[in-house]
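# An overview of the molecular structure
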Amino acid sequence: MTRSRRRHVSTVRNIGTIGILAGGILSTTGAVVWGLISAELTAQKITVSPDSKLLPERPVRGPLTAYAQAEIINTHATAISDGKTFAELPQDDPNRPVIMNASFLRASLFTSVVSFGTAAFAIGLGLVTSLFGIALHRLGK
């Protein structure tokens, strides 16, 4: 094998090693974030409302239950406000604070849903990056 070819093979192998390490870091970070979000939601002791069509009476611990609770909060808020959003309610409407709190709760739950999605994306991307890294590392032998 020529010196130039050995250098290229070594470069491919090194890139593969970097891919394996980067993939491991991405996957681990995603899993840790998923666990943190789940632990924070669990600590709040939220249960999906019994009248929810999606996952009623389940503890809110993951993206599906967080979404289900956000949706039922919207259903309840819409019923209280006669279909009006917070911005559409008059300033002196006595339900305005309730609708505002519902909006804040929904936003918080949707933030956790997006965070779960980001964590899952990091885990998936990490796995794919590791697989490419393994392939390049093997090619570099």
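Read on for an overview of the structure. Quantities reported herein were computed from a predicted structural model and do not represent experimental measurements.

Rules used throughout
- Residues numbered from 1 in each chain as written.
- Predicted model: local features only at pLDDT ≥ 70, side-chain atom pairs only at ≥ 80, totals over all residues.
- Heavy atoms only, no water.
- Helix = DSSP H or I, 4+ residues; strand = E, 2+ residues; numbered from the N terminus.
- Buried < 20%, exposed > 50% of the residue type's maximum accessible area, 1.4 Å probe, protein only.
- Contact = heavy atoms within 4.5 Å.
- Salt bridge = Lys/Arg side-chain N within 4 Å of Asp/Glu carboxyl O.

On to unusual backbone geometry, then. One non-glycine residue with positive phi stands out, namely K45, at about 55°. Within the secondary structure layout, K45 lies in the loop between α1 (3-43) and α2 (63-80).

Attention shifts here to the side chain of H137. Secondary-structure assignment places H137 in helix α3 (residues 96-139). With relative accessibility at 18%, the residue H137 sits in the buried group. Every residue in contact with H137, bar those within four places of it in the chain, is listed here: R13, G16, T17 and I20.

If you trace the backbone, L64 turns up in helix α2. Its relative accessible area of 60% is what places L64 among the exposed residues. Distance from L64 to G23, taken between C-alpha atoms, is 26 Å for residues 41 residues apart in sequence.

As a further point, take the pattern of salt bridges. Enumeration over the complete set of coordinates arrives at one salt bridge. When the shortest N-O distance is used, the salt bridge between E71 and R106 registers 3.6 Å. Placement of E71 in helix α2 and of R106 in helix α3 is noted, with a sequence separation of 35 residues between them.

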